[in-house]
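Reading the structure
So you can see what is in the structure, the chains are spelled out below.
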Amino acid sequence: MRSMTLEVLLPFEIFSREQDVTSVVVETAQGSFGLLPQRLDCVAALVPGILSFETASRGEVFLAVDEGVLVKTGPDVVISVRRALRGDDLARLREAVEQEFLKLDAQEEAMRTAMAQLETGFMRRFASMLDRPS
């Protein structure tokens, strides 16, 4: 039986490295996306959600992952995400995605909006200073 190697990478560490993975299911903006060992190479943008993978020895394993990217080349699947959580209870993992990852994304969006407003105000004041006669 063919299998894959799965690596889940965080910005500063390797979160998980799994051997003998027989299938991987991730969530994209277009819906759930499944990988089997014989699938062609691909790249996919991931949204916050539940990643599941299956191995012969451990059965089905669930991870909550934040947005990121998946790259499959041959038997290797590399997933790079901002945050990830491991857990046995699927309901708690789903709740963690909804409360932690999506809430943080909303806070980051509010921060980006505030920064854009500050930058716009600064540029407007700077431009008015340049327009003044000396």
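You'll find the structure just up there.
Attention here is on the structure that accompanies the text. The model shown is predicted, which means the values in this text are computed figures rather than measured ones. (Residues numbered from 1 in each chain as written. Predicted model: local features only at pLDDT ≥ 70, side-chain atom pairs only at ≥ 80, totals over all residues. Heavy atoms only, no water.)

Let us now look at the environment of E100. With respect to the helices and strands, E100 occurs in helix α1 (residues 90–131). Each C-alpha atom, one on E100 and one on R83, is 9.8 Å from the other, the two residues being 17 residues apart in sequence. (Helix = DSSP H or I, 4+ residues; strand = E, 2+ residues; numbered from the N terminus.)

Right, let's talk about unusual backbone geometry for a bit. One non-glycine residue, D20, lies in the positive phi region at around 55 degrees. Structurally, the position occupied by D20 is in strand β2 (residues 13–28).

Okay, the environment of I79 next. Relative to the helices and strands, I79 resides in strand β8 (residues 76–81). As a C-alpha pair, I79 and E7 span 72 residues in sequence and 6.1 Å in three-dimensional space. Here I79 is in contact with L6, E7, V8, L9, V26, L46, L51, V69 and L70, once residues within four sequence places are set aside. (Contact = heavy atoms within 4.5 Å.)

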